[in-house]
Amino acid sequence: MQLRDIAELLNAALLCGEELLDKDVGTVYASDLMSDVLSQVKGHPLLVTGLCNTQVVRTAEMVDIFCVLFVRGKKPDAHTVELARDGMLCLMATDKTMFEVCGILYENGCDG
Amino acid sequence: MDDAVLSLKYHVSPDDFKTAGEASSDVKNKLKKMGLSPEIVRRVAISMYEGEINMVIHAYGGEISVDIGMEAVTIVLKDKGPGIKDIDKAMEAGYSTASERVRSMGFGAGMGLPNMKKYSDEMKIDTTIGVGTTVTLIIRLC
Ligand SMILES: Nc1ncnc2c1ncn2[C@@H]1O[C@H](COP(=O)(O)OP(=O)(O)OP(=O)(O)O)[C@@H](O)[C@H]1O
Ligand SMILES: [Mg+2]
């Protein structure tokens, strides 16, 4: 599924990284724990998280994750969005909960 | 150690969660530009970032030097923090002394040091209680 389809499904706002919307996301990794993201992630999944600070973007950058989706209406500050832009990451935000997001993505064929 | 093609030095600010990771990010970008394989770049980035975060959350920041040679990338993370009492214990997955504040920021699961070990070819910890800790990571290029 392309990032733009995911944004539409989840009614997510795009915060930066429009140029990446055509990219395909095969797998999804959902976690609020960056320790786990750093030690468990394989490939280049979409990161779904309720944590909202600059280290989410840094962590994504280190493990080659190119898109982060913030849940439950959380919006990163301007500095964090700037970092993401510099690192050529796509950031999205949705009002849906982590549970809803994972359910919808799973239903629509995304794997863990 | 082989002759360094590029030697880099970074200062890591104490207790600054906003800028933590800047050094690792810079190294990652430089390695990418040098054309190293994505897998090597990823291993260097993850293991250095874990070390950089540890310096911020467990010590009072410090200095990082990175030597990029023909045969290996050598990362030395040096802090003047409290030191590590029991290295074997610290190396266990799940062992952490991180504060509630650090945990609320998404870290402190006790996965960092094991992860640094996993992604490096060699890892050495020199630590003295009350003096500081130096972690050396070597990632071979071939
Ligand atoms: N530079 C350091 N100075 C002092 N103590 C350290 C240092 N690095 C690690 N430690 C000690 O070793 C423990 C384990 O470190 P490790 O990186 O594995 O886990 P963590 O940092 O607590 O959590 P995580 O890395 O999952 O976010 C830490 O909780 C801390 O007690
Ligand atoms: Mg750690």
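This report concerns the structure included in the present document. (Residues numbered from 1 in each chain as written. Chains lettered and ligands numbered in written order. Predicted model: local features only at pLDDT ≥ 70, side-chain atom pairs only at ≥ 80, totals over all residues. Heavy atoms only, no water.)

The subject of this paragraph is the pairing of strand β5 (residues 132–140) of chain B. In regular strands, side chains alternate between the two faces of the sheet. Residues and elements named next belong to chain B. Buried residues dominate β5, accounting for 7 of its 9 residues. Two elements, strand β4 (residues 122–128) and β5, share 7 bridges in a ladder whose sense is antiparallel. From the neighbouring strand, Thr127 faces β5, where its bridge partner is Thr133. What sits between β4 and β5 in their antiparallel hairpin is a turn of 3 residues, with Gly130 showing a positive phi close to 80 degrees. (Buried < 20%, exposed > 50% of the residue type's maximum accessible area, 1.4 Å probe, protein only. Helix = DSSP H or I, 4+ residues; strand = E, 2+ residues; numbered from the N terminus. Pairing = 2+ DSSP bridges.)

Working definition: two side chains of opposite charge can pair if their charged atoms are close together. Tallied over the entire structure, the rule returns 10 salt bridges over all chains. Residues Asp22 of chain A and Arg4 of chain A are paired through a salt bridge, measuring 2.7 Å at the closest nitrogen-oxygen approach. Taken together, the positions of Asp22 of chain A in the loop between β1 (13–16) and β2 (28–30) and Arg4 of chain A in helix α1 (residues 3–9) put the pair 18 residues apart, joining distant regions of the chain. Classification of Arg4 of chain A as partly exposed rests on a relative accessible area of 38%. In this structure, Arg101 of chain B engages Asp15 of chain B in a salt bridge whose closest nitrogen and oxygen atoms are separated by 3.8 Å. In this pair, Arg101 of chain B sits in helix α4 (residues 100–104) while Asp15 of chain B sits in the loop between β1 (4–12) and α1 (22–33), placing the two residues 86 residues apart along the sequence. Overall, the relative accessible area of 53% leaves Asp15 of chain B in the exposed class. (Salt bridge = Lys/Arg side-chain N within 4 Å of Asp/Glu carboxyl O.)

A few words now on the sheet that holds strand β3 (residues 72–79) of chain B. Pairing between the strands of a sheet is mediated by backbone hydrogen bonds and can be parallel or antiparallel. All names here are of chain B. Reading across from one edge, β1-β2-β3-β5-β4 is the order of the 5 strands in this open sheet, with antiparallel pairing throughout. Strands at the two margins of the open sheet, each flanked by one partner only, are β1 and β4. Put simply, the sheet's adjacent strands are angled 10 degrees from each other on average, direction ignored. Bridging between β3 and β5 involves 8 bridges; their strand directions are antiparallel. (Axes fitted to C-alpha atoms, helices over the stretch in contact; angles between N-to-C directions.)

Taken together, 21 residues lie around ligand 1, and His58, Ser96, Thr97, Gly108 and Met111 of chain B are the ones closest in. The site occupied by ligand 1 is bordered by residues of chains A and B. Contact distances for ligand 1 include 2.8 Å between an oxygen atom and a side-chain N or O atom of Ser35 of chain A. Protein coverage of the free-state accessible area of ligand 1, which is 600 Å², stands at 96%. Residue assignment for the shell around ligand 1 shows that the elements contributing at least two residues are α2 (38–58) and α5 (112–119) of chain B. Of the residues forming the shell around ligand 1, the biggest block, 4 residues, is contributed by α2 of chain B. Here the shell around ligand 1 is built from residues that sort into 9 nonpolar, 10 polar and 2 charged. (Near = heavy atom within 4 Å. Polar contact = N/O pair within 3.5 Å; in protein donor to acceptor, adjacent residues only side chain to side chain. Areas by Shrake-Rupley, 256 points an atom, 1.4 Å probe, with all protein chains shown as cover. Nonpolar A, V, L, I, M, F, W, Y, C, P; charged D, E, K, R; others polar.)

The biggest cluster of nonpolar side chains holds 60 residues, and the ones touching the most others in it are Val68 of chain A together with Ile64, Val66, Ile75 and Phe107 of chain B. Top contributing element to this core by residue count: α2 of chain B, with 11 residues. When near neighbours in sequence (up to four residues on either side) are disregarded, Ile64 of chain B contacts Leu8, Lys9, Tyr10, Val12, Ala23, Met48, Glu52, Met55, Ile75, Val76 and Leu77 of chain B. In this structure, Ala7, Leu46, Cys90 and Cys110 of chain A belong to the second largest nonpolar core, which totals 20 residues. (Core = buried A, V, L, I, M, F, W, Y, C linked by side-chain atoms within 4.5 Å. Contact = heavy atoms within 4.5 Å.)

Residues and elements named next belong to chain A. Burial of strand β3 (residues 46–49) is two-sided: the residues Leu46 and Val48 facing one way and the residues Leu47 and Thr49 facing the other way are all buried. Bridge count for β2 against β3 is 3 bridges, and the pairing is parallel. Residue Val28 lies in a different strand from β3, and its bridge partner there is Leu46. Pairing geometry for β3 and strand β4 (residues 67–70), over 4 bridges, is parallel. Residue pairing across strands places Leu46 opposite Cys67, the latter belonging to β4. With helix α3 (residues 54–62) bridging β3 and the parallel β4, this β-α-β connection has right-handed handedness. (Right-handed = clockwise from strand over helix to strand, strands pointing away.)

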